[in-house]
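Summary of the model geometry
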Amino acid sequence: MTLSTPHLLGIKDLTKEDIQLILSTASQFKEVLQRPVKKVPSLRDITIVNLFFENSTRTRMSFELAEKRLSADVLNFSATASSVKKGETLLDTVNNILSMKVDMVVMRHSASGAPHFLAKHINAAIINAGDGINEHPTQALLDAFSMKEKLGRIQGLKVAIIGDVMHSRVALSNIYLLKKMGAEVMVAGPPTLIPKYLQQALDVRVEYSVNKALQWCDVANVLRIQLERQSQPLFSSLREYNLAYGISRKLLENLDKEIVIMHPGPINRGVELDSDVADGPSSIILNQVENGVAVRMAVLYLLSGTQS
């Protein structure tokens, strides 16, 4: 089986069947990652460039490890040490790289829509590793994989996305995926960090009380406060945010049920999550990191065209 699209630009472009195929393929690759020899020859002779115009640690390392586990040839590109600093355009940069016979491009960019622009102009499979405040599709896929692994299903789950929804590409990709897979979705946080259109446009619940959101949900996916993307102050202080919207162990202990805590990272400890929650028994944050490699292996493999 193959995906219905030649690229992974966003969850919005995937069908439910695409998502199911990626998750089932990721399950097979996770089994591979448990073996003593974790490498398979699936992408031998495939060359992949990691084209990162934004700083990244987890996503870049996860993609690079996934590529190497599949035996691909890997080229890493950093905009801070390239001719982009000399004024070279995005298209010229990529065309120069493709002239080296690159088959796939994993791209992270601060401009929303940058991977979509590339997909229209170059002949290579494009994987969006995060574009502006638009989407981060592989994060949503690994989040879904982790939920399913922990709870056995996605359909019917109540998932609260809590925090800086306004500036989060993770939130948008998660909403698209969860709705397609039959989950109920709520966004929660300060009114200044939740877009006004969200409830009507995407059919999600909106809640401004974190306690009520936690009482409602089965899974809380907690987002980082993204100060670097805020052009003006949207809450009084990080301390005030933690007191009003941060998740503490005491808050979880006051619930009448157990819930699952997730976070895409990096965590602002003591702001959106207290350390004893991030490291506590309800957290599957490190499972998300582990599952990210298997999910990205699945995406790379399915888009490479080598499985036929």
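The coordinates are above.
Keep in mind the model is a prediction, meaning the values are calculated, not measured.

What follows covers the overall build of the chain. Across its full length, the chain holds 12 helices and nine strands. Since a compact globule built from 308 residues should have a radius of gyration of about 19 Å, the 19 Å found for the chain is in line with a globular shape. Along the three orthogonal principal directions, the C-alpha set of the chain runs to about 55 × 45 × 35 Å. Of the contacts made within the chain by residues no fewer than 6 positions apart, 74% connect residues no fewer than 24 positions apart. Put simply, the chain shows about 13,800 Å² of open surface, and 49% of that area lies on carbon and sulfur atoms. Distance from the positive charge centre (34 side chains) to the negative charge centre (31 side chains) of the chain: 1 Å.

Turning next to the packing of helix α2 (residues 58–69) against helix α12 (residues 285–304). Relative to each other, α2 and α12 sit at 60 degrees, their axes nearing to 8 Å. One way to sum up the angle between α2 and α12 is to call them oblique. As for how α2 packs across α12, the hand of that crossing is right-handed. On the side of α2, the interface is formed by Thr59, Ser62, Phe63, Leu65, Ala66, Glu67 and Arg69, while α12 contributes Gly292, Val293, Arg296, Met297 and Leu300. Taken together, the residues of the contact of α2 with α12 sort by class into six nonpolar, three polar and three charged.

Turning next to the environment of Ser112. Considering the arrangement of structural elements, one finds Ser112 in the loop between β3 (104–109) and α4 (114–121). Residue class for Ser112 comes out partly exposed when judged on its relative accessible area of 45%. Setting aside residues up to four positions removed in sequence, Ser112 forms contacts with Asp131, Gly132, Ile133 and Asn134. In this structure the side chain of Ser112 is engaged in a polar contact, spanning 3.2 Å, whose partner is the backbone nitrogen of Ile133.

Once that is clear, we can look at the sheet that holds strand β2 (residues 73–78). Remark on secondary structure: sheet strands pair via backbone hydrogen bonds, oriented parallel or antiparallel. The strand order across the open sheet built from four strands is β2-β1-β3-β4, with neighbouring strands paired in parallel fashion. Lying at the two open borders of the sheet, with one neighbouring strand each, are β2 and β4 (125–131). Direction aside, neighbouring strands of the sheet carry axes that sit 15 degrees apart on average. Here helix α3 (residues 90–98) sits on the sheet in contact with β1 (47–52), β2 and β3, set at roughly 160 degrees to β1.

Compared with the 21 Å implied by 1.5 Å per residue over 15 residues, the 21 Å span of helix α5 (residues 137–151) between its first and last C-alpha is a close match. The element α5 is extensively covered by neighbouring structure, given that 11 of its 15 residues are classed as buried. Within α5 the residues assigned to the buried category are Pro137, Thr138, Gln139, Ala140, Leu141, Leu142, Asp143, Ala144, Phe145, Ser146 and Met147.

With parallel pairing, five strands are arranged side by side in an open sheet as β7-β6-β5-β8-β9. Pairing within the sheet leaves two strands with one partner each, and these edge strands are β7 (205–207) and β9 (260–262). Here the average twist between neighbouring strands, direction ignored, is 25 degrees. Relative to strand β8 (residues 219–222), strand β5 (residues 158–162) runs parallel, the two sharing four bridges. In the strand pairing of β8, Ile161 is matched with Asn221. Against the sheet, α5 engages β5, β8 and β9, with an angle of about 160 degrees to β9.

With that settled, the discussion passes to the pattern of salt bridges. Enumeration according to the criterion identifies eight salt bridges in this entry. Residue Glu184 is joined to Arg205 by a salt bridge in which the shortest nitrogen-to-oxygen separation is 3.5 Å. With a gap of 21 residues between them, Glu184 in strand β6 (residues 184–188) and Arg205 in strand β7 connect regions that are remote in the sequence. With a relative accessible area of 32%, Glu184 lands in the partly exposed category. For Asp276, the salt bridge is made with Arg249, and the minimal N-O distance between the two is 3.8 Å. Remark: Arg249 occurs in helix α10 (residues 249–253) and Asp276 occurs in helix α11 (residues 275–278); sequence separation between them is 27 residues. The exposure class of Arg249 is partly exposed, given its relative accessible area of 34%. Each of Glu54, Arg108 and Arg169 takes part in a single network of salt bridges with overlapping partners.

Moving on, we get to the pairing of β5. Buried residues dominate β5, accounting for four of its five residues. Sheet topology places β5 next to β6; five bridges connect them, and they run parallel. Its bridge partner being in β6, Ile161 is matched across the sheet by Val187.

About the thresholds
- Residues numbered from 1 in each chain as written.
- Predicted model: local features only at pLDDT ≥ 70, side-chain atom pairs only at ≥ 80, totals over all residues.
- Heavy atoms only, no water.
- Helix = DSSP H or I, 4+ residues; strand = E, 2+ residues; numbered from the N terminus.
- Rg over C-alpha atoms; globule rule 2.2 N^0.38 Å.
- Contact = heavy atoms within 4.5 Å.
- Areas by Shrake-Rupley, 256 points an atom, 1.4 Å probe, with all protein chains shown as cover.
- Lys, Arg positive; Asp, Glu negative; His and termini not counted.
- Charge placed at Lys NZ, Arg CZ, Asp CG, Glu CD.
- Axes fitted to C-alpha atoms, helices over the stretch in contact; angles between N-to-C directions.
- Parallel < 35°, antiparallel > 145°, perpendicular 65-115°, else oblique.
- Left-handed = near helix turned anticlockwise from the far one by under 90°.
- Nonpolar A, V, L, I, M, F, W, Y, C, P; charged D, E, K, R; others polar.
- Buried < 20%, exposed > 50% of the residue type's maximum accessible area, 1.4 Å probe, protein only.
- Polar contact = N/O pair within 3.5 Å; in protein donor to acceptor, adjacent residues only side chain to side chain.
- Pairing = 2+ DSSP bridges.
- Expected span 1.5 Å × (residues − 1).
- Salt bridge = Lys/Arg side-chain N within 4 Å of Asp/Glu carboxyl O.

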